[in-house]
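Structure at a glance
The lines below spell out each chain.
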Amino acid sequence: MVAYLLTDVGGRRSFMVQGVRSRSGRGSKLAVFQPMFPVEFEGLESSKQQMHRFKEIRTAFVLQSLPFDVRKSTISLFMAEVLYRLVRESEPNEALFDFVWGSVGALDAMQEGIANFHLWFLANLSRFLGFCPGNEYVPGAWFDIREGLFTPVQPAHTDVMTRECAAILRDLLECDVRLLAEIGLNRSQRVGFLNAMLVYFGYHLDAISAVQSVRILKEVF
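Read on for a plain summary of the structure. What you are looking at is a predicted structure, and each value in this text was computed from that prediction instead of being measured.

On to a nonpolar patch on the surface. A surface patch of nonpolar side chains, amounting to about 330 Å² of accessible area, comprises Val2, Tyr4, Met51 and Tyr84. Positionally, Met51 belongs in the loop between strand E3 (39-44) and strand E4 (52-59). Judged by relative accessible area, which is 33%, Met51 ranks as partly exposed.

The following block contains the structure:
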């Protein structure tokens, strides 16, 4: 099995995992390699710098609810696929790593506002991918996807978020993850904003169109 990891000191790395299908591997290794599970490891880097191997790997901290809550596990699958599609750099990005690491812990601990978490994650991930909104929100503004700016006048082109979605974007960017339950969104609003964010990400990064777990998210939330 090949495992893709986002690491603190090496950016994205790929590792070959041996013995996964053995009886001993089924009970130990597979349990560690689940989407967004935090791990600590020692690795053996290959001379070609392409495929590495683990010397030792273990769970970094025990997840209390994420593996057992279908809503949280669905979100973690989405997070993992988004990062797999969009993050290709093999250079360290400490800020991105800290954000992702903290997000996993926050999702695991969350009791309320879970239905908004994937939206919060996407909105704030834009900060670390280089295309977060470039100006302050003003009440009633639209959001120009091409320019990455809130604007009081509706742009002539169609790459634009509605006033409602623009306000939700502002709210998610400013909201503490522990207070997501205070952002009251219904199912239609969540789906509409997710679609708008996919257009926004897609304008900058074509790979977002390949994320298959979006369909599952829309079914669950």
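The structure having been displayed, the exposition proceeds.
Now for helix H6 (residues 187-204). In this model H6 runs 26 Å from its N-terminal to its C-terminal C-alpha over 18 residues, within 8% of the 26 Å that 1.5 Å per residue would give. Of all the positions in H6, only Arg190, Phe193, Leu194, Ala196, Met197, Leu198, Tyr200 and Phe201 are classed as buried. Looking at the buried positions of H6, the neighbouring elements they touch are helix H2 (70-86), helix H4 (117-129), strand E5 (142-144), strand E7 (160-161), helix H5 (163-174) and helix H7 (214-220). For H6, the capping residue at the N-terminal end is Asn186, with a side-chain oxygen 3.1 Å from the backbone nitrogen of Ser188.

Applying the stated criterion across every chain, the model contains 17 aromatic pairs. Measuring from ring centre to ring centre gives 5.1 Å for Phe15 and Phe41, while their planes differ by 75°; the resulting arrangement is edge-to-face. Here Phe15 is found in strand E2 (residues 11-16), whereas its partner Phe41 is found in strand E3, with 26 residues between them in sequence. Its relative accessible area of 28% is what places Phe41 among the partly exposed residues. For the ring pair Phe99 and Phe121, a centre distance of 5.4 Å and an interplane angle of 15° mean the geometry is stacked. One end of the pair, Phe99, is in helix H3 (residues 94-109); the other, Phe121, is in helix H4, with 22 residues separating them in the sequence.

Moving on, we get to the nonpolar core. Formed by 56 residues in total, the largest nonpolar core has its most connected members in Phe117, Met161, Leu169, Leu172, Leu180, Phe193 and Met197. Mapped by element, the contributors of at least two residues to this core are H2, H3, H4, H5, H6 and H7. If sequence neighbours within four positions are ignored, Phe193 has contacts with Leu119, Met161, Cys165, Ile168, Leu169 and Leu172. Formed by 8 residues, the second largest nonpolar core is a distinct cluster that contains Ala3, Val17, Val32 and Val39.

On to the packing of H4 against H5, then. Packed helices, taken two at a time, are described by their axes: the angle between them and the distance between them. One can describe the packing of H4 onto H5 by two numbers: an axis separation of 9 Å at closest approach and a directional angle of 80°. Taken together, H4 and H5 sit at an angle that is classed as roughly perpendicular. Contacts between H4 and H5 involve Leu119, Trp120, Ala123, Asn124 and Arg127 from the former and Leu169, Leu172 and Leu173 from the latter. Among the residues forming the contact of H4 with H5, the class breakdown is 6 nonpolar, 1 polar and 1 charged.

Thresholds applied
Residues numbered from 1 in each chain as written. Predicted model: local features only at pLDDT ≥ 70, side-chain atom pairs only at ≥ 80, totals over all residues. Heavy atoms only, no water. Patch = residues over 30% accessible without salt bridge, like charges linked within 9 Å, V, L, I, M, F, W, Y side chains within 5 Å. Areas by Shrake-Rupley, 256 points an atom, 1.4 Å probe, with all protein chains shown as cover. Salt bridge = Lys/Arg side-chain N within 4 Å of Asp/Glu carboxyl O. Helix = DSSP H or I, 4+ residues; strand = E, 2+ residues; numbered from the N terminus. Buried < 20%, exposed > 50% of the residue type's maximum accessible area, 1.4 Å probe, protein only. Expected span 1.5 Å × (residues − 1). Contact = heavy atoms within 4.5 Å. Polar contact = N/O pair within 3.5 Å; in protein donor to acceptor, adjacent residues only side chain to side chain. Phe/Tyr/Trp six-rings, centres within 6.5 Å; stacked < 30°, edge-to-face > 60°. Core = buried A, V, L, I, M, F, W, Y, C linked by side-chain atoms within 4.5 Å. Axes fitted to C-alpha atoms, helices over the stretch in contact; angles between N-to-C directions. Parallel < 35°, antiparallel > 145°, perpendicular 65-115°, else oblique. Nonpolar A, V, L, I, M, F, W, Y, C, P; charged D, E, K, R; others polar.

Function-wise, these values are silent; they only describe arrangement.
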